[in-house]
Amino acid sequence: QYTRQDPRWQGGFAFDESDVNPDMFRDFFSQRFGGGMAQDQHAAIEVALEDAFTGAKKSLTLQSPQIDETGRVTTQTRHIDLAIPKGILPGQHLRLGGKGAGGGDLLIEVTFAPHPIYRIEGRDLYVTLPVTPWEAALGGKIKMPTPTGPVDLTVPANARQGQKLRLRGRGMPAARKGDLYAILQIVNPPKLSAEARDLYQKLARAQSFNPRSKLGV
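Residues numbered from 1 in each chain as written. Predicted model: local features only at pLDDT ≥ 70, side-chain atom pairs only at ≥ 80, totals over all residues. Heavy atoms only, no water.

Asks: Even after reading the chapter, I still don't get the pairing of strand 6 (residues 106–112), so can you show me in this structure?
Replies: In regular strands, side chains alternate between the two faces of the sheet. Burial runs high along strand 6: five of the seven residues are buried. Pairing of strand 2 (residues 41–47) with strand 6 involves seven bridges; the strand directions are parallel. When the bridges of strand 6 are listed, E46 appears paired with T111. Here strand 5 (residues 93–96) runs beside strand 6; their pairing, made up of four bridges, is antiparallel. (Buried < 20%, exposed > 50% of the residue type's maximum accessible area, 1.4 Å probe, protein only. Helix = DSSP H or I, 4+ residues; strand = E, 2+ residues; numbered from the N terminus. Pairing = 2+ DSSP bridges.)

Asks: Would you mind going over the sheet that holds strand 7 (residues 118–121) with me for this structure?
Replies: Whenever strands of a sheet pair, they do so through backbone hydrogen bonds, lying parallel or antiparallel. With respect to topology, four strands assemble into an open sheet ordered 7-8-12-11, the strand pairing being mixed. What marks the edges here is a single partner per strand, and that holds for strand 7 and strand 11 (164–167). Ignoring strand direction, the axes of neighbouring strands in this sheet form an average angle of 30 degrees. One ladder, built from four bridges, connects strand 11 with strand 12 (residues 180–186); its direction is antiparallel. Each residue of the ladder has a partner; that of K164, found in strand 12, is I183. (Axes fitted to C-alpha atoms, helices over the stretch in contact; angles between N-to-C directions.)

By themselves, these figures tell us nothing about what the structure is for.
Below, the structure written as structure tokens:
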């Protein structure tokens, strides 16, 4: 369950009932919400990327100030069932007719919770994909994550650090789907076995390659 109050009402307030001028509050709410006290109300909800990818049902809790016929100001708590549509993006709004203050509309801005794997740009998704030095050198198929499950990715031989590989249509769903990009990150083993060290030494002797030649060294 997600809760987000209108920031204009955050922080709370307190008053002594003897200090309240009912006419003052009637005037304030008349100006703030209009004569009929109906106005669009704004809120925000944070969702997981997976919920936006597949669609989901959420519950939103709202707290709104209310004034009764005597001029007393109270806080009303409401629970609203909300459908997160498939393919919605951060910053887009949902409009719920008649769910705002005094019968106005409720506008809900959707934000995404930080994701441990994916980064979103528009409808495209990006993932940093670790590969071993030999996977980068030799190429071949490796497993990579997607929001709908692992898939095989073909890494080209002699792949470079930071090289970007695209999986078409694996980004956010829509009539025109986004893409999923894998950014290769070459990672050395934390510790070499004696056999692996021997293989690296053989490679160093067999491969005459100096990556610093353009630096004059």
